[in-house]
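A structural walkthrough
Next come the chains, spelled out residue by residue.
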Amino acid sequence: MAASELLIRPARPADAQVLGDLYTQHLYASHLAKLGPRFVRALLTRLLNVPTVYGLVAEDEQVRGFIVAAALGAFSPTGLALSTTVGSAWFRALWRRPGPTLRSLELLLPRREARPQGAGVELLFIALEPRYRAAGLGQRLTAELLGHFQSEGTRWFEVSTQADNLAVHALLQAFGFRVVRDYRLFGRTMWRWRKLVG
Ligand SMILES: CC(C)(COP(=O)(O)OP(=O)(O)OC[C@H]1O[C@@H](n2cnc3c(N)ncnc32)[C@H](O)[C@@H]1OP(=O)(O)O)[C@@H](O)C(=O)NCCC(=O)NCCS
């Protein structure tokens, strides 16, 4: 089925296994994917059970892409890591892939940075199967996700990307995101993006 014909619906906790596999199979460049499918599945299971986390999936007979975001305040990397399921998945990943797993601790270090006023949302995941990319599906998922949070009063959105990810940069720019700073993570340059509502 063409990307434009895929059905978009809210993600459910039961989707976490499929989404984790899709993410790790098709996103080798991602820091999280290097921790392995078991870790990503545990993280998504935890996230999709948090009421203020919202996600969408695009599917025909199977899921072809998804997007997930969290209202800030609800989402704390340290809190997630301390949860039993994510914590034990992290220790298993440490055994299998010690290098990237240890470096993932960088994700937990709190960053001191000024936040805009009002309620904010962190975009956490967006990933499509390769053959459904560059056909407007990323835009459809993003538009619907931003619309959901804006209808709930969100004043700003933020997201981090790797500095060489041209596709996601074009997508974010099309929605009015701007780069607010850069930083290093796992030895790579990252860009921090922000979109203010209104
Ligand atoms: C990033 C991603 C979600 C974008 O979704 P998409 O459906 O491919 O993008 P769209 O077709 O909706 O296009 C959005 C914009 O990006 C541009 N774009 C798409 N693919 C591109 C590419 N490979 N290089 C440069 N620009 C690209 C489009 O031209 C469009 O820009 P425009 O509005 O100026 O015309 C998708 O490519 C993907 O899953 N990539 C792998 C996962 C990933 O990198 N996730 C982000 C991690 S932070």
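Residues numbered from 1 in each chain as written. Predicted model: local features only at pLDDT ≥ 70, side-chain atom pairs only at ≥ 80, totals over all residues.

Observations regarding the overall build of the protein chain
Formally: Here a helix means four or more residues in a row that DSSP labels H or I, a strand means two or more in a row labelled E, and each is numbered from the N terminus. Radius of gyration here uses only the C-alpha atoms, and the compact-globule reference equals 2.2 Å multiplied by the residue count raised to the power 0.38. Comment: burial labels come from other C-beta atoms within 10 Å of the residue's own C-beta, placed from the backbone, where a count of 20 or more is buried, 12 or fewer is exposed, and between is partly exposed. Residues are scored as being in contact if the C-beta atoms we place from backbone atoms lie within 7 Å.
Helix and strand content of the protein chain: 7 helices and 7 strands. Counting from the amino terminus, the protein chain carries its helices and strands in the arrangement β-α-α-β-β-α-α-α-β-α-β-α-β-β. Against the globule reference of 16 Å for 198 residues, the protein chain gives a C-alpha radius of gyration of 16 Å, in line with a compact fold. Across its three principal axes, the protein chain shows a C-alpha extent of roughly 40 × 40 × 30 Å. Looking at the protein chain as a whole, 30% of its 198 residues qualify as buried. Contacts in the protein chain between residues at least 24 apart in sequence constitute 71% of all its contacts with a sequence separation of at least 6.

Quick look at the nonpolar core
Worth spelling out the cut-off: Only buried residues count toward a nonpolar core: Ala, Val, Leu, Ile, Met, Phe, Trp, Tyr and Cys, linked into one set through C-beta atoms within 7 Å.
Among the nonpolar cores identified, the biggest contains 41 residues, and F39, F66, I67, V68, A69 and L145 are the most heavily contacted of them. When residues of this core are traced back to their parent elements, those giving at least two are α1 (16–26), α2 (37–48), β2 (53–59), β3 (63–71), α4 (84–96), β4 (120–128) and α6 (137–151). Each residue touching V68, except ones within four places of it in the same chain, is listed here: A11, L47, V53, G55, L124 and F125.

Describing the site of the ligand
Formally: Any residue whose C-beta atom, as set from the backbone, lies within 6 Å of a molecule or strand is reported as near that molecule or strand. We call Asp, Glu, Lys and Arg charged. Ala, Val, Leu, Ile, Met, Phe, Trp, Tyr, Cys and Pro are nonpolar, and the rest, Gly among them, are polar.
Lining the immediate environment of the ligand, one finds 19 residues, of which R133, G138, Q139, A167 and A170 sit closest. Looking at the shell around the ligand, the elements with two or more residues in it are β4, α6 and α7 (166–174). At 6 residues, the largest contribution of residues to the shell around the ligand is made by α7. Partitioning the shell around the ligand into residue classes produces 13 nonpolar, 5 polar and 1 charged.

Quick notes on the pairing of β4
Side-chain direction in a regular strand flips from residue to residue, so the side chains alternate between the two faces of the sheet. Note the following rule: When DSSP finds at least two bridges between two strands, those strands are taken to pair. For a crossover, the right-handed case is the one in which the path from the first strand over the helix to the second runs clockwise, viewed with the strands pointing away from the viewer.
Buried residues dominate β4, accounting for 7 of its 9 residues. Two strands pair when backbone bridges link them, and β3 and β4 are joined in this way by 7 bridges, in the antiparallel orientation. By the bridge assignment for β4, I67 is matched with I126. Inspection of the sheet shows β4 paired to strand β5 (residues 156–162) by 3 bridges, in the parallel sense. By the bridge assignment, E122 is partnered in β5 with E158. Note that the unit made of β4, α6 and β5 has a crossover that is right-handed.

Side note on α1
All buried positions along α1 are accounted for by A16, L19, G20, L22, Y23 and T24. Tucked inside the fold, the buried residues of α1 contact α2, β3 and β4.

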